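# Summary of the model geometry
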Amino acid sequence: MEAAESTPSAAKPFRVLCLDGGGMRGIYTAAFLDRLLDQYRRIRGVEHLDLGRGFDLIAGTSTGAIIACAAAIGRPMSDLVKLYRDWGGRIFPERITESKGRLLARIAQGGNIVRAGDAALRKALSVELGDITMLDVYRKRGISLSIPTVAMSTHRAWVFKKTKTSGVRDDNYKLVDVCLASSAAPIYRSLAAIKNPDSKHEQIEVFADGGLWANNPVMVGMLDALMNAENEQPIEIFSLGTCSRPEGEEISQNKVHRSMLQWKLGADVAPLSITAQEFAFDNMARMFANVLSKCGREVHHVRFPQQKIPASKLEYLGLDDSRPEAMNALMSQASTDADMVKSACDDIRNPQGQLIHNLMMSLPTMPETGVPKEHFE
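Residues numbered from 1 in each chain as written. Predicted model: local features only at pLDDT ≥ 70, side-chain atom pairs only at ≥ 80, totals over all residues. Heavy atoms only, no water.

An unreviewed UniProt entry annotates the protein as Patatin-like phospholipase family protein originating from Mesorhizobium calcicola.

## Details of the packing of aromatic side chains
Taken as a whole and judged by the stated rule, the model has 7 aromatic pairs. Ring centres of Phe160 and Phe207 lie 5.1 Å apart, and the angle between their planes is 55 degrees; this geometry places the pair in the tilted category. With Phe160 in strand S4 (residues 156-162) and Phe207 in strand S6 (residues 204-209), the pair connects residues that are 47 residues apart, well separated along the chain. Phe207 shares its class with Phe160; the two are buried. Over the face of the ring belonging to Tyr40 we find Lys342, whose NZ or CZ atom lies 5.3 Å from the ring centre. (Phe/Tyr/Trp six-rings, centres within 6.5 Å; stacked < 30°, edge-to-face > 60°. Helix = DSSP H or I, 4+ residues; strand = E, 2+ residues; numbered from the N terminus. Buried < 20%, exposed > 50% of the residue type's maximum accessible area, 1.4 Å probe, protein only. Lys NZ or Arg CZ within 6 Å of the ring centre and 35° of its normal.)

## Thoughts on helix H10 (residues 324-345)
Over its 22 residues, H10 extends 31 Å from the first C-alpha to the last, a length consistent with the 32 Å expected when each residue adds 1.5 Å. Here H10 has its buried residues at Ala326, Met327, Ala329, Leu330, Gln333, Ala334, Asp337, Ala338, Val341, Lys342 and Cys345. Each element contacted by the buried residues of H10 is listed here: helix H1 (26-44), helix H3 (77-91), strand S8 (299-304) and helix H11 (351-362). (Expected span 1.5 Å × (residues − 1). Contact = heavy atoms within 4.5 Å.)

## Digging into the nonpolar core
Counting residues in each nonpolar core, the largest one holds 84 residues, and the members touching the most others are Phe32, Leu51, Ile58, Leu129, Leu175, Phe238 and Ile356. It is H1 that provides the largest number of residues to this core, a total of 9 residues. If near-sequence neighbours (up to four positions away) are discounted, Leu129 is found in contact with Cys69, Ala70, Ile73, Leu175, Val176, Cys179 and Lys373. Leu57, Ile235, Phe281 and Ala289 belong to the second largest nonpolar core, which has 15 residues in total. (Core = buried A, V, L, I, M, F, W, Y, C linked by side-chain atoms within 4.5 Å.)

## Quick look at the pairing of strand S7 (residues 235-240)
Counting buried residues along S7, 6 of its 6 residues qualify, which places the element largely inside the surrounding structure. Burial along S7 is two-sided: Ile235, Ile237 and Ser239 and Glu236, Phe238 and Leu240, pointing in opposite directions, are all buried. Pairing between strand S1 (residues 14-19) and S7: 6 bridges, direction parallel. If you follow Arg15 over to S7, its bridge partner there is Glu236. Direction of pairing for S7 relative to S8: parallel, over a ladder of 6 bridges. By the bridge assignment, Ser239 is partnered in S8 with Arg303. (Pairing = 2+ DSSP bridges.)

Now the structure itself:
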């Protein structure tokens, strides 16, 4: 079954879901969505809500790519929470800490650590996503995907995508491989060596984490929406972060000469990049949406949640922090934030809350166990 052409209508916007990267903080994203979906499931009196089918396009980077692909094939968000809980400690078996002794040990043992993490992530993804391809999702579910990564052969941005206008280049890539490519964070994880499914010569391509350039993939999602939505169709973009910490630091002049150890072998660069990108792309997306709307193209951008993180949670926001207490803290914060968003949805004077409310009330239903994998055969 080919994906149906979308019908332009003010009552049927072209909807996009954009999910940030953030390593183990992906459990926050999954738990947040699970909590919000469950509240609306109970309000509507149905078995379960199919998040993926609520969107025409889903974009996700790194850990967000994993959640994006799972939503696209109809997996319950509770399954993703379980994936992080069950596999997180094997994907990130050792944290990059402040201890200079442990940092030096990481230099010697790092290859073995990331190799073990790579094997664990591939196994976890295979269990959850099976052999489903990009084309399978588009044909069987009518959902387009855009997954940022970096092609190491050229050191250039690369987006695995299957949309109405994307052609056939990425059709046969398995979601497992696409997620590995998008989440291959340097220092934290292995690079991803992916077999080109259309090559007759066993061609292997190597990719690095899409978070290097599009950790917040909202601009990727907005561009693909403009390319694929009908001319008069309004666009609604829902962008979700990963419980980013309030960043910033006062640095004296004599403290600017940081060594590799003081940057934790480069591991402290990743959170800096994530925070800078999240702020920059969120603001660019809002500005573009405003300009496009003034030009006659109706575009709405919703970034949620927007609550400040309490100080008690700050120690648990490491990208590779797979400790049970860290996961529990992120899940607790996700529950609190989902409740705050639901309050915004209940306020008829809150335009962004109403966009989320309308989305949730329009989601199709599905069985509690999700869409069977046989659906893609």
